[in-house]
Amino acid sequence: MPELFHRKIERTAIGFVLAIIAAASVGGLVEIAPLFTIHETVEEAPDMRLYTPLELAGRNIYEREGCYACHSQMIRTLRDDVERYGPYSLAVESKYDHPMLWGSKRTGPDLARIGGKYSDLWHVTHLMNPRDVVPESNMPSYRFLARTPLETADFGMQLAAMREVGVPYTDDMIANAARDALGQATPDSDFSAGVVERYGEKTQVSAFDGVATELTEMDALVAYLQVLGRLTDAAYKQTAASEKAPGSQQ
Amino acid sequence: MDHDTLVAFSKSWGLFYLIAFAIGVCVYAFWPSNRKMFDDAKKNILDRDDTPWQ
Amino acid sequence: MITELTSSERQYAAVILVVMAMVGVAMAALGRSDPFGVHGVIVLVYSVGLLFLVLSSFYAPEPRTDRQASYYDDPIKVGIALSMAWAVFGMFMGVWIAAQLAWPTLAFDAAWSTFGRLRPTHTTGVIFGFGGNALIATSFHVVQRTSRARLAGQISPWFVLLGFNLFCILAVTGYVMGVTQSKEYAEAEWYADLWLVVVWVTYFILYLRTLARRKEPHIYVANWYYMAFIVVVAILHIVNNLAVPVSIGHAKSYTIWAGVQDAMVQWWYGHNAVAFFLTSGFLGMMYYYLPKRAGRPIFSYRLSILSFWGITFFYMWAGSHHLHYTALPHWVQNLGMTFSVMLLVPSWASAGNALLTLNGAWHKVRDDATLRFMMVAAVFYGLSTFEGSFLAIRPVNSLSHYTDWTIGHVHAGALGWVAFITFGSLYTLVPALWKRDAMHSAALVEVHFWLALAGTLIYVFAMWNSGIIQGLMWRTYTEDGTLAYSFVDSLIAMYPYYIARAFGGLLFLLGALVACYNIWMTARATPLIAGSQLDLPDRRPATGTAPSPAE
């Protein structure tokens, strides 16, 4: 019987292909399928807010420029990671991240909790030429961000696409996306109140690049960097101790 | 279907699947009558191959 | 090339290209100033360029009627040329960005030349451009020779090869314009991904139909590996790239996966891209060209079967070892670690099988740099799979992850294994394909071998050192229980290694340039073998003939 079976596989290339699929698919299914029910096991974060249109635009710039190639956004449950970068990252913190930007390499430091650690001015100076503030840095200069106006016309569509994949943006948010982007980077303007109303009290309204009259890509990227790790406080409420790195010297 | 059921199913049946698959592959590889076919296959590629067989 | 097609096939090709050109026009119209529109123009130019090529020989005389009595080698020749062109491009970008890490001002004051945008041009250029074209070209060769049958199509091999290159061009030009999904090794956006699905399905059907035509009763094991490469890459590609575009005129899309699921899907993809793109397909190369070149059958055919199913089964579980100590559930991390360690068994079975095949032919390895390429490839395959299993163990990973050790590991595999087996295979394939006695210059193959080996060793040792130093510095505490080094301290310690790494990469690039020259001269300059076998088909199943190595 087995011989007959194998002969058949042997004779028909299609049977062989099916065997490959049978062998290869199970591993992925077993590991991935249970993750669709993961919301039952992970922590909840009722206070978590959404990315504002400006922050989302900044996130898209972060992706576009390939920042993830050198900066992780995932603090591991290791003591030295936690002491260097802050409380370890929780699954819930990236639940609105399409895609996740956990990264795989730290040519530069982790950025999961960079938000609020440095001033807007520091970020702008650093992005213009990193060696002005960190002489030993090997990060590229991003001067062009400051001279590139931010395209806001399609922000409504961007938010709508995010809603398609499961992020709960409201019709109100989508309709006001471009105005909210402008308002967040232009304090004291007519639009600032709206963005705080829609995205919550903790939304940071600031002239991120120091120039309130014009909206640039620098505004968006700095707004995103400043919100990293600050969408929810869930990680600070966790009590579980972090693991000591195996073999770490102390 | 909740998370724990799925995880339990994955862990147990994943293992059985692995064992069954391994046995199947070994039976195939060591089935005595397959020996000649394998021997031919490994030698035949060294034959002349400048045109397709008709 | 086009004269080998019948006039109805030429019409068919022209129709396909006209349709593609129209798609390009539609994309340009929909995208306008968005990069999507620029890509529309690129699709248009690419299609029209090829259309001109077809039309230039459109009314040429009909080809011979007995095409079925010969193998279809034209697409393979073009595939080799494209593969080498991408190798030079991809490796040059690699050297450039490696130099940028050592000297960060080696960029223009423009967005396109920053490390973040250039890095995927390097990875895509070498993995998909160089590796992918080499896989397509050699798979077309191996499937025909081991099946003793001509490819099951006249247009489809060209469609697969040139369509795949269009995908690579869209991907790479997209990165410099800032078009990326930011998923490592799957950066190309939704429309390029959709196009690749069309190309890949064609590839799959072509391969399957050619196997169905085979005259040998048994499908030779090299084809198994190529088939697994084609099938599984399709599954991975589709699942990981499911996304919702912002609009039909936008290059930008949002993946349907979020957060922790996205991380699992991405590294399930990422690790199996290594498995089925960079391992399975190249093992297919090894199982054909190594015995061919050595003039000896593979040591154990059964072992190759066992390791095939082992690799196909185990690899799919291993992806989660990229996510140790992260927010991914603990049991998934452990499962990934376990299977990663088990993977060592089938991996070493393959490496051992290759080396034992050479046992008894060591004098050939000594004298023949081509065979030495393949021998070193098998050694590096063994080393880097061992290293991979080792790095997947959680405590080891806590040190190595996020550091240059990972980069060193990847390049031990990519340079030492993938590139070495490819060059070895190409040096075996090129003279056979162009009906030459041997490569233009054996000395240049020797030069290439030593450049490549020196480059690989310098690169890998530099990255091992920098990675381990980095990992240790990050976790070193002072006696007071505080972290001993700032991040910048660890970066300063990296600079000497970054310079060494760029130098190692440069040597490897020089080797690839030598190979280009040698292949070009072999195809162009050497006279044909007297009395080529082409017109004297040997219709007899030649079981009794003595093994004849490729030269």
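About the cut-offs
- Residues numbered from 1 in each chain as written.
- Chains lettered and ligands numbered in written order.
- Predicted model: local features only at pLDDT ≥ 70, side-chain atom pairs only at ≥ 80, totals over all residues.
- Heavy atoms only, no water.
- Helix = DSSP H or I, 4+ residues; strand = E, 2+ residues; numbered from the N terminus.
- Buried < 20%, exposed > 50% of the residue type's maximum accessible area, 1.4 Å probe, protein only.
- Contact = heavy atoms within 4.5 Å.
- Areas by Shrake-Rupley, 256 points an atom, 1.4 Å probe, with all protein chains shown as cover.
- Buried area = accessible area lost by both parts, 1.4 Å probe.
- Salt bridge = Lys/Arg side-chain N within 4 Å of Asp/Glu carboxyl O.
- Polar contact = N/O pair within 3.5 Å; in protein donor to acceptor, adjacent residues only side chain to side chain.
- Nonpolar A, V, L, I, M, F, W, Y, C, P; charged D, E, K, R; others polar.
- Disulfide = S-S within 2.5 Å.
- Axes fitted to C-alpha atoms, helices over the stretch in contact; angles between N-to-C directions.
- Parallel < 35°, antiparallel > 145°, perpendicular 65-115°, else oblique.
- Left-handed = near helix turned anticlockwise from the far one by under 90°.
- Core = buried A, V, L, I, M, F, W, Y, C linked by side-chain atoms within 4.5 Å.
- Phe/Tyr/Trp six-rings, centres within 6.5 Å; stacked < 30°, edge-to-face > 60°.
- UniProt positions renumbered as here; feature names shortened; annotations may be inferred.

A. Structural detail: the overall build of chain A. What chain A contains, in helices and strands, is 12 helices and 0 strands. Ordered by position from N to C terminus, the α and β elements of chain A give α-α-α-α-α-α-α-α-α-α-α-α. Buried residues in chain A amount to 62% of all 250 residues. Of all intrachain contacts in chain A linking residues separated by at least 6 positions in sequence, the fraction that spans at least 24 positions is 70%. About 10100 Å² of surface is accessible on chain A, with carbon and sulfur atoms providing 58% of the total.

B. Layout of the interface of chain A and chain C. Contacts between the two partners involve 84 residues from chain A, matched on the other side by 96 residues from chain C. Note on chain A versus chain C: buried area summed over both sides is about 7800 Å², and carbon and sulfur give 65% of it. When the buried area of chain A at its contact with chain C is split by residue, Glu31(A), Arg76(A) and Arg84(A) rank highest and sum to 9% of it. One can count 4 salt bridges joining chain A with chain C. In this structure, Glu63(A) engages Lys252(C) in a salt bridge whose closest nitrogen and oxygen atoms are separated by 3.1 Å. At the junction of chain A and chain C, the tally comes to 27 residue pairs in polar contact (both at pLDDT 80 or more). The element best represented in the side of chain A that touches chain C is helix H2 (residues 13–32) of chain A, accounting for 15 residues. A breakdown of the residues in the side of chain A that touches chain C according to their chemical character gives 41 nonpolar, 21 polar and 22 charged.

C. Region of the structure containing the environment of Leu161(C). All names here are of chain C. Tracing the sequence through the fold places Leu161 in helix H5 (residues 156–177). A residue is classified by how much of its surface remains accessible, and Leu161, at 0% relative accessible area, is buried. When the C-alpha atoms of Leu161 and Val430 are compared, they prove to be 18 Å apart, with 269 residues separating the residues in sequence. Those residues in contact with Leu161 that lie beyond four places of it in its chain are Pro75, Val78, Gly79, Leu82, Asn133 and Ile136.

D. Highlighting the environment of Met337(C). Residues and elements named next belong to chain C. Tracing the chain through its elements places Met337 in helix H10 (residues 330–342). Between the alpha carbons of Met337 and Pro291 there is a distance of 34 Å; along the sequence they are 46 residues apart. Among residues more than four places away in sequence, those in contact with Met337 are His324, Ala392, Ile393 and Arg394.

E. Spatial organisation of the state of the cysteines. Enumeration according to the criterion identifies 0 disulfides over all chains in this entry. The thiol of Cys168(C) is unpaired, and the distance to the nearest cysteine sulfur, on Cys516(C), comes to 16 Å.

F. Structural detail: the packing of helix H3 (residues 74–102) of chain C against H5(C). Residues and elements named next belong to chain C. Interaxial distance between H3 and H5 falls to 9 Å at its minimum, and their mutual angle equals 15°. On the basis of the axis angle, H3 is roughly parallel to H5. Pair H3 / H5 crosses with left-handed handedness. Contacts from Asp74, Pro75, Val78, Gly79, Leu82, Trp86 and Phe89 in H3 reach Pro157, Trp158, Leu161, Leu162, Asn165, Cys168, Ile169 and Val172 in H5. A per-class count over the contact of H3 with H5 returns 12 nonpolar, 2 polar and 1 charged.

G. Focus on the nonpolar core. Formed by 263 residues in total, the largest nonpolar core has its most connected members in Tyr169(A), Ile80(C), Phe277(C), Trp309(C) and Phe423(C). Broken down by element, the residue count for this core peaks at 21 residues, all from helix H8 (residues 259–294) of chain C.

H. Just the packing of aromatic side chains, in detail. Tallied over the entire structure, the rule returns 62 aromatic pairs over all chains. Both rings, one in Tyr17(B) and one in Phe21(B), keep their centres 6.2 Å apart while their planes meet at 15°; by these two values the pair is stacked. Of this pair, Tyr17(B) and Phe21(B) both sit in helix H1 (residues 3–30), 4 residues apart, which is roughly one turn of the helix. Look at Tyr17(B) and you get partly exposed, because its relative accessible area is 30%. The buried category is assigned to Phe21(B), whose relative accessible area is 18%. Centre to centre, the rings of Tyr203(C) and Phe229(C) are 6.3 Å apart; their planes meet at 75°, and the pair counts as edge-to-face. Placement of the pair is Tyr203(C) in helix H6 (residues 190–212) and Phe229(C) in helix H7 (residues 221–240), with a sequence separation of 26 residues.

I. Highlighting the UniProt feature "transmembrane region" (unreviewed entry) in chain B. Here, the residues flagged by UniProt with the feature "transmembrane region" (unreviewed entry) are residues 12–31 of chain B. Helix makes up 95% of residues 12–31 of chain B and strand 0%. Its end C-alpha atoms lie 29 Å apart.

J. Spotlight on the side chain of His409(C). All names here are of chain C. Its place among the elements puts His409 in helix H15 (residues 404–433). By relative accessible area, His409 is classed as buried at 19%. Within the structure, the side chain of His409 is placed 2.9 Å from the side chain of Glu387, a separation counted as a polar contact. In this view, His409 contacts Ser384, Glu387, Gly388 and Leu391; residues no more than four positions away in its chain are not counted.

K. Up close: the UniProt feature "domain: Cytochrome c" (unreviewed entry) in chain A. With numbering aligned to this structure, UniProt lists the feature "domain: Cytochrome c" (unreviewed entry) at residues 53–229 of chain A. For the annotated span residues 53–229 of chain A, helix accounts for 43% and strand for 0% of the residues, and the straight-line distance between the end C-alpha atoms is 17 Å.

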